[in-house]
Structures are given as C-alpha cells and as structure tokens.
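# Structural overview
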Amino acid sequence: MRGAVIHAPGDVRLESLEDPKLLHPTDAIIRTAVTCVCGSDLWPYRGAEPIGDPHPMGHEYVGFVEEVGSEVTAVKPGQFVVGSFATSDNTCANCRNGFPSNCLHREFMSTCQAEYVRIPNAQGTLVATEEHPAEELWPSLLAVSDVMGTGWWAADAAEVRPGSTAVVVGDGAVGLCAVIAAKELGAERIIAMSRHESRQKLARAFGATDIVTERGDEGVERIKELTGGIGADNVLECVGTAQSMSQALHSARPGGNVGFVGVPHDVAVDGQELFFSHVGLRGGPAPVRRYLPDLIDRVLTRAIDPGKVFDLTLPLDQVAEGYRAMDERRAIKTLLKP
C-alpha cells in the first residue's frame, strides 16, 4: 500500500509500505475512505517536536472494514466505520468513567495517512454506520474522528450551557469545530478569536456572534469589554501555546471554566494566580469515543457540517503539498483521498 512518511522537518513523502496485518485478535483492518492532515501534525513538520527515525503519519480516519480479529464482534467486513485517534477497549474503568482517551489499553493512532490502516482495540474503538453514508458526508464524519470530537470536548470541559457566553481561542479546525460545539450546547454568545478573514467567515457560519482580532493582553481586554468587564463563562482553548493558554485563563470570569484541548507546548500555569482567579481548568486528549454515536448522528441528520473545515482536497499522492499548504496557512485543513 501507499502511505505518508515523515523524514525530517518539512519532509513528508508518500512511500510504498507493507500492508497492515492483524497482530492481535482485537484488531481490525480498514480500507481508508478519506483521511487528512491535522494541525498537530505540523508540530513535528515545523521541527517543534522531535521526529527521530522516519515514520508514518496520520491519526484521523474513516473507512470500510476489510478484516477483523477473532475477538471483534462489534463491526464486520464491509461496514463503514468511524473511530477515534485514541483507541480504547471501552470496558476498562477509565472508559466506563467517560475517558476512553485514557483507556488502560490505549494506543494512539499514527499511520492513517495511508490506503489501509490497522485499528487496535477495534471492538471498543470503531462505530459503524447503519448504511454506507453518502460520499458528501465523509468529510464531516472524518472530522468527528478528531477535530469535531476535540472541539466538542473543549466545550464540554469548559461546561458550556444554554445561555452561556463562550470564547473560542484558536481559529484552526479544532477551534472552528469548537464554535459548532458551543452553539449545539446552547451558548447564547460565542466570541471567536481570529485574525484571518476566511476563518472568521467560517466561524460566523458555524455560529460565532462576535469576532475578536486582538491577541495577548489586548485580546483579553477586548473580551472584558464585550462582557461588561467580567470575562466569559466558558473559554475553549484550542491552540496549545503559552500565549493562547494565558489568553484563555485571563479571558474567563471568576467562577468560569477553561477547557484546554490544544496539545501544550511550553505551557506553564501559575498555581497561585489560578488559585485566586476561581477559574476552573480541565482538558487533555479528547474522549472522542464517548461522543461518537451522538456526533455521527448529528452529521448523518445534517444538524452539523464540520466537514466545511476542509478547504483543500488533494489525492493522497500530493500529501506533501497538503502539509505545505497548512504550514503556510493557505489551507485550514487538507482532506486526502487515497
């Protein structure tokens, strides 16, 4: 099969790789319908994370089941399935407590920008649709496997409720999906922090009521101006930098909540400052599997359309251009067709 391999910063290649095989009775093999490049893939691509030896890339996927292990009964060959970037058995204590992304048998997906993928913990990870969905829905179902599920987690962790005022920090695919989530959970006012016109337009289409272009202290001041000097009920941090985390914490009102889902890079939180702020803080890898049935249904009933975050579609053999376009901010998110 063909799959993407990263060799060094800025160097992603499509190569011939061995076809995946069932390694455990809990595995499944899927034929990829569509896959994509994630914003978090840009950390190693830009040299912000070590790469080590060349290795496959990609953790978002939907596809058709080709083969299942002897212990997999939840899905069968021929079905269309959606999974999570973090696999889970869906039976351990952490899974039962609602955090399958911290499953005791968790494995993070890392080989999905390819024609075929082995899915560990397939019994607990994969959710099949009743019928093969229309191809026009594949991008939105793909978004559910990570960015939409992660945006939903940002809103859930920040405790967005009907009537809330929510702020979304970050205008990448996760941030834009977080706008969808905040609206679906009933936020009355959704303030998207964005400096890019095309992303502002999409944020408004998804439900943002206000746009703030300022960053850092100026951004916080603008949020305070829009909220009567108090701050927002809920802040959804969807970037992962020191500046974005500081901006999020300072934009929340006393007693408000911050949901942080951007993978932290050089982020440090001042414990004493947090103590006296009365701001709640929760985040981590999104428990996507918890949300899959609900989010899949919202996509299939066309209640939400997170697939709009894909503004560039390329064949898999142009994966390197997909990375470049996102790195250069010519694209929000690249969809790849095997």
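Just above, that's the structure.
What comes next concerns the included structure. (Residues numbered from 1 in each chain as written. Predicted model: local features only at pLDDT ≥ 70, side-chain atom pairs only at ≥ 80, totals over all residues. Heavy atoms only, no water.)

### Section: the overall build of the protein chain
Operational definition: Secondary structure counts use DSSP, requiring at least four H or I residues in a row for a helix and at least two E residues in a row for a strand, with both numbered from the N terminus. Radius of gyration means the value over C-alpha atoms here, while the globule rule gives 2.2 Å times the residue count to the 0.38 power. Summary of the burial criterion: residues with accessible area below 20% of their type's maximum are buried, those above 50% are exposed, and those between are partly exposed, where the area comes from a 1.4 Å probe applied to protein chains only. The contact definition used throughout considers only heavy atoms, calling two residues in contact when any of these lie within 4.5 Å. Throughout, the Shrake-Rupley method with a 1.4 Å probe supplies accessible areas, and for residues the shown protein chains are the sole cover considered. His is not counted, nor are the chain ends, whereas Lys and Arg count as positive and Asp and Glu as negative. Note on charges: their place is set at NZ of Lys, CZ of Arg, CG of Asp or CD of Glu.
Of the regular secondary structure elements, the protein chain holds 12 helices and 16 strands. Compactness check: the protein chain gives a C-alpha radius of gyration of 19 Å against a globular reference of 20 Å for 338 residues, within 12% of the reference. Overall, the C-alpha framework of the protein chain stretches about 60 × 40 × 40 Å when taken along its three principal axes. Across the 338 residues in the protein chain, those meeting the buried criterion constitute 53%. A sequence separation of at least 24 residues applies to 68% of the contacts in the protein chain between residues at least 6 apart. Accessible area of the protein chain: about 14400 Å², with a carbon and sulfur share of 47%. Across the protein chain, 31 positive and 45 negative side-chain charges occur, with their mean positions spaced 3 Å apart.

### As for the sheet that holds strand E4 (residues 55-56)
Threshold: A pair of strands is treated as paired once DSSP finds two or more bridges between them.
Ordered in space as E2-E1-E4, the 3 strands form an open sheet in which the pairing is antiparallel. This sheet does not close on itself; its edge strands, each paired only once, are strand E2 (11-16) and E4.

### Quick word on the environment of histidine 55
Here is the rule: Contacts described as polar in this section are N or O atom pairs within 3.5 Å, which, within protein, must combine one atom able to donate a hydrogen with one able to accept it, while residues neighboring in sequence count only if both atoms come from side chains.
Mapped onto the elements, histidine 55 comes out in strand E4. Residue classification places histidine 55 among the partly exposed positions, given a relative accessible area of 27%. Residues histidine 55 and valine 12 lie 43 residues apart in sequence; the distance between their C-alpha atoms is 9.7 Å. Here histidine 55 is in contact with Ala4, Val5 and Ile6, once residues within four sequence places are set aside. Within polar-contact distance, the side chain of histidine 55 engages the backbone oxygen of isoleucine 51 at 3.4 Å.

### Observations concerning the pairing of strand E14 (residues 280-283)
Spelled out, the test is: Look down the strands so they point away from you; if going from the first strand over the helix to the second traces a clockwise path, that crossover is right-handed.
Strand direction decides the pairing type here: strand E13 (residues 252-260) and E14, joined by 4 bridges, are parallel. Paired with asparagine 257 across the two strands is glycine 280, which belongs to E14. Considered for its hand, the β-α-β crossover made up of E13, helix H10 (residues 271-277) and E14 is right-handed.

### So, the environment of arginine 189
Take arginine 189: it is sitting in strand E10 (residues 189-193). C-alpha separation for the pair arginine 189 and phenylalanine 260, spaced 71 residues apart in sequence, amounts to 19 Å. A distance of 3.0 Å separates polar atoms of two side chains, one belonging to arginine 189 and the other to aspartate 210.

### Examining the nonpolar core
When a protein is soluble and globular, its nonpolar side chains tend to lie buried together. Here is the rule we go by: Buried residues of nine kinds, namely Ala, Val, Leu, Ile, Met, Phe, Trp, Tyr and Cys, make up a nonpolar core once their side-chain atoms join them within 4.5 Å.
Met148 and Leu236 are the most contacted members of the largest nonpolar core, which has 59 residues in total. Take this core: its biggest share by element is 9 residues, from helix H6 (residues 173-184). Each residue touching leucine 236, except ones within four places of it in the same chain, is listed here: Ala154, Ala155, Ala158, Val160, Ala166, Val167, Val168, Val169, Ala178 and Gly259.

### With respect to the pattern of salt bridges
Filter applied, for reference: Salt bridge, as applied in this entry: a Lys or Arg side-chain nitrogen positioned within 4 Å of an Asp or Glu carboxyl oxygen.
Evaluation of the coordinates by the stated rule reveals 17 salt bridges. One salt bridge in this structure joins arginine 330 and glutamate 321, with 3.0 Å as the shortest N-O distance. Taking relative accessible area as the criterion, arginine 330 reaches 48% and is therefore assigned partly exposed. Counted as one network, the salt bridges with shared partners bring together Glu321, Arg324, Glu328 and Arg330.

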